[in-house]
Amino acid sequence: MELIVVRPEEFAQAAVDAFGHALVRAERPCLALPTGSTPVPFYRRLAETRFAFPPGTRAFALDEFVAPDAEAPGSNAAFFRRHWPPDFPPVAMPRADAADPEAEIAAYCAAVAACGPLDIAVLGIGVNGHIAFNEPGSGLADGCRVVRLAERTREAAAREWPEGVPEYGLTMGIAEIMAARRVMLLATGPAKRHVVHAALTGPVMGEIPASFLQRHPALTVVCDTAAGALLTQES
Ligand code: GLP
């Protein structure tokens with residue numbers, strides 16, 4: 001594991017540097033990208049520095065809510081419209097309002113699989129240790145699927161869903177994430193310090209899905225000093 005712990009003001013650039021490094025020799029790379037507050041400064045910095053994606057880059061969102069309005073402000077579709085520059089490679093994602101969510105995520109993941117194993121999966125981490133929408137209780141072999149969202153995940157999203165947070169999500173699985181050539185885990189802020197520590201140094205178990213990343217052969221963790229506080233105390 002490569003661990004990069006930087007001051008909060010250096011986080012976005014450190015993430016851009018690690019991302020750029022991972023893509024140096026990639027040809028027509030396939031990327032998986034997270035939503036949430038954590039990647040926002042990273043995406044902003046990619047835009048500010050006019051990050052040059054390799055030609056033919058294809059990008060996929062890690063997950064989406066299941067919701068009647070595909071354009072709802074809390075949806076991941078709306079997130080990428082707000083935070084992903086229009087001149088960057090477009091980000092594909094499953095439709096939140098699909099009539100048949102199971103079929104939707106199956107078709108979406110067939111497209112991800114056709115792209116090839118992901119060259120890089122960029123991840124955030126939930127306060128309960130989830131990655132994408134792989135909630136506690138997920139297994140290493142779990143692939144793309146419809147999931148019931150954990151209460152803590154729904155509480156964390158409440159602000160963006162004033163009329164009620166969806167109960168279900170569509171997600172890439174632990175299996176697709178673990179098959180990525182490189183995983184880049186992003187974490188910021190003091191609220192993440194316990195879960196980051198548990199995920200990266202504690203037992204590998206489905207109750208903390210991010211702990212499976214300990215088994216990934218090419219994991220880069222980029223965090224700020226607040227999120228990484230308990231990791232650096234030990235070194
Ligand atoms: C959401 C997303 C995850 C994200 C997580 C953390 O539930 N599905 O992909 O990593 O929340 O979000 P934040 O960065 O806002 O803490």
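Everything discussed here concerns the structure shown above.
Our subject in this report is the structure included herewith. (Residues numbered from 1 in each chain as written. Predicted model: local features only at pLDDT ≥ 70, side-chain atom pairs only at ≥ 80, totals over all residues. Heavy atoms only, no water.)

By nearness alone, every residue bordering the ligand is listed as Thr35, Gly36, Ser37, Thr38, Asp63, Gly124, Ile125, His130, Ala132, Phe133, Thr153 and Lys192. The contact in question runs from a nitrogen atom of the ligand to an N or O atom on the backbone of alanine 132, over 3.4 Å. Across the shell around the ligand, the residue classes tally to three nonpolar, seven polar and two charged. (Near = heavy atom within 4 Å. Polar contact = N/O pair within 3.5 Å; in protein donor to acceptor, adjacent residues only side chain to side chain. Nonpolar A, V, L, I, M, F, W, Y, C, P; charged D, E, K, R; others polar.)

We now examine the pairing of strand S2 (residues 30–33). Regular strands have side chains that alternate between both faces of the sheet. Here S2 shows no split at all, with Cys30 and Ala32 on one side and Leu31 and Leu33 on the other all buried. Across four bridges, S2 lies against strand S3 (residues 58–61) in parallel orientation. Residue pairing in the sheet places alanine 32 in a bridge with phenylalanine 60 of S3. Traced from S2 through helix H2 (residues 40–48) to S3, the parallel crossover comes out right-handed. Alignment of S2 against strand S6 (residues 120–123), held across two bridges, turns out to be parallel. Note on S6: the bridge partner recorded for alanine 32 is alanine 121. (Buried < 20%, exposed > 50% of the residue type's maximum accessible area, 1.4 Å probe, protein only. Helix = DSSP H or I, 4+ residues; strand = E, 2+ residues; numbered from the N terminus. Pairing = 2+ DSSP bridges. Right-handed = clockwise from strand over helix to strand, strands pointing away.)

A word on helix H4 (residues 101–115). Spanning 15 residues, H4 covers 21 Å between terminal C-alpha atoms, matching the ideal 21 Å at 1.5 Å per step. Taken together, the buried positions of H4 are occupied by Glu104, Ile105, Tyr108, Cys109, Val112 and Cys115. For H4, the buried positions fall inside an angular range of 120° around the axis, keeping them on one side. Opposite its buried face, H4 presents the exposed residues Glu102, Ala113 and Ala114, each directed more than 90 degrees away. (Expected span 1.5 Å × (residues − 1). Arc of directions from axis to C-beta.)

Quick look at the state of the cysteines now. Here a disulfide denotes a covalent bond joining the sulfur atom of one cysteine to the sulfur atom of another. Taken as a whole and judged by the stated rule, the model has two disulfides. Across the disulfide from cysteine 109 sits cysteine 144; the S-S distance is 1.8 Å. One quick way to see it: the torsion about the S-S bond of cysteine 109 and cysteine 144 is about -85°, and its sign makes the bridge left-handed. Pair noted here: cysteine 109 is in helix H4 and cysteine 144 is in the loop between S6 and strand S7 (145–148), with a separation of 35 residues, a long-range link. (Disulfide = S-S within 2.5 Å.)

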